[in-house]
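# Analysis of the macromolecular model
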Amino acid sequence: MNEIFKSLAIIPARSGSKSIKNKNIRLFNNKPLIAWTIEQALSSDIERIVVTTNCQEIAKIALSYGAEVPFLRSEKLAKDDVAIEPVLIDVLDYLKINELYDPECLVLLMPTSPFREVSDINMALNT
């Protein structure tokens, strides 16, 4: 594996979905849905994988599959009418302030897209 220097994947996985309850942790082919995205990110050239969530259960599952969950997202940023940009900025600000980590490349991986290919992630990074 050839990690892209200072690349960060952010996987947003809030609780409280109105359409499918607990969709991010519902089993899909015998694994929580979010696990597929974490495993793809771990198999890619991404340096760090962070899950942002407002839910302890999602955090526990994410950690068990190898992602980082450095903090729980505020409920204010976990509402269904919040755009993704403030959520990403929240993670970036946290990492910069608390770890002095400022990635050169950011990859947004939605946990509800389990059919992406690792090669697509790597091609996007290289672009």
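Our subject is the structure that appears above.
Residues numbered from 1 in each chain as written. Predicted model: local features only at pLDDT ≥ 70, side-chain atom pairs only at ≥ 80, totals over all residues. Heavy atoms only, no water.

## Describing the packing of aromatic side chains
Here is the rule we go by: Side-chain rings of Phe, Tyr and Trp (the six-membered ring for Trp) are treated as a pair once their centres are within 6.5 Å; stacked means planes under 30 degrees apart, edge-to-face means over 60, and tilted covers the remaining angles. Think of it this way: any DSSP run of H or I at least four residues long counts as a helix, any run of E at least two long counts as a strand, and we number them from the N terminus. The criterion for a charge sitting over a ring is simple: Lys NZ or Arg CZ within 6 Å of the ring centre, and within 35 degrees of the ring normal.
With the rule as written, the count across this model stands at 3 aromatic pairs. Ring centres of F28 and F115 lie 5.7 Å apart, and the angle between their planes is 80°; on these two criteria the pair is classed as edge-to-face. Note that F28 is positioned in strand β2 (residues 27-28) and F115 in the loop between β5 (105-108) and α4 (118-126), a separation of 87 residues in sequence. Connected via pairs of aromatic rings, a cluster forms that spans F28, W36 and F115. One residue, K6, lies across the ring of Y101, its end atom 5.6 Å from the ring centre.

## A few points about the environment of G66
The test is simple: Here the term buried applies to any residue with accessible area under 20% of the maximum for its type, exposed to any over 50%, and partly exposed to those in between, with areas from a 1.4 Å probe on protein chains only.
Looking at the element boundaries, G66 is found in the loop between α2 (56-64) and α3 (84-99). For G66, a relative accessible area of 42% corresponds to the partly exposed category. Each C-alpha atom of the pair G66 and Q40 lies 11 Å from the other, and the pair is 26 residues apart in sequence.

So, to be careful, I would describe these as geometric facts and stop short of saying anything about function.
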